[in-house]
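Descriptive analysis of the structure
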Amino acid sequence: MIGSIAALGAGLAVIGAGIGIGQVGGKAMEGISRQPEAASKIQTAMIIAAALIEGAALFGVVVSFLGLK
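Criteria and cut-off values
- Residues numbered from 1 in each chain as written.
- Predicted model: local features only at pLDDT ≥ 70, side-chain atom pairs only at ≥ 80, totals over all residues.
- Heavy atoms only, no water.
- Helix = DSSP H or I, 4+ residues; strand = E, 2+ residues; numbered from the N terminus.
- Rg over C-alpha atoms; globule rule 2.2 N^0.38 Å.
- Buried < 20%, exposed > 50% of the residue type's maximum accessible area, 1.4 Å probe, protein only.
- Contact = heavy atoms within 4.5 Å.
- Areas by Shrake-Rupley, 256 points an atom, 1.4 Å probe, with all protein chains shown as cover.
- UniProt positions renumbered as here; feature names shortened; annotations may be inferred.
- Polar contact = N/O pair within 3.5 Å; in protein donor to acceptor, adjacent residues only side chain to side chain.

Per an unreviewed UniProt entry, the chain goes by ATP synthase subunit c and derives from Mucilaginibacter conchicola.

Given below as structure tokens:
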């Protein structure tokens with residue numbers, strides 16, 4: 001039972017990260033289309049934000065698997 005709860009937690013973390021990165025990417029594309037001259041700054045901020053979201057998701061997966069004990 002505990003293993004399935006950990007798997008559910010890991011799945012939720014990954015789904016949340018996917019939604020978050022999708023939102024960041026979509027909003028970055030909107031910003032670039034509105035202001036093409038700021039594309040490099042927007043892209044840099046987007047990559048940093050995506051990396052932070054991915055790190056949080058990895059942390060969630062690790063914590064959920066640590067709950068197996």
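1. Structural notes on the overall build of the chain
Scanning the chain from N- to C-terminus turns up two helices and zero strands. In terms of C-alpha radius of gyration, the chain reaches 16 Å, well past the compact-globule figure of 11 Å for 69 residues. Principal axes of the C-alpha set define a box for the chain whose edges measure 55 × 15 × 5 Å. Considering the chain as a whole, with its 69 residues, one finds that 19% of them fall into the buried category. Here the analysis covers contacts within the chain between residues at least 6 apart in sequence; of these, 71% occur between residues at least 24 apart. When the accessible surface of the chain is summed, it comes to about 4900 Å², and 74% of that surface belongs to carbon and sulfur atoms.

2. Structural notes on the UniProt feature "transmembrane region" (unreviewed entry) in the chain
Taking the UniProt record as the reference, the feature "transmembrane region" (unreviewed entry) is found at residues 46–68. Annotated as residues 46–68, this span is 91% helix and 0% strand, and its ends, taken at the C-alpha atoms, are 34 Å apart.

3. Here we look at the environment of Ser33
For Ser33, the position within the fold is in helix H1 (residues 2–34). The class for Ser33 is exposed, based on a relative accessible area of 56%. A polar contact is formed between the side chain of Ser33 and the backbone oxygen of Glu30, at a distance of 2.8 Å.

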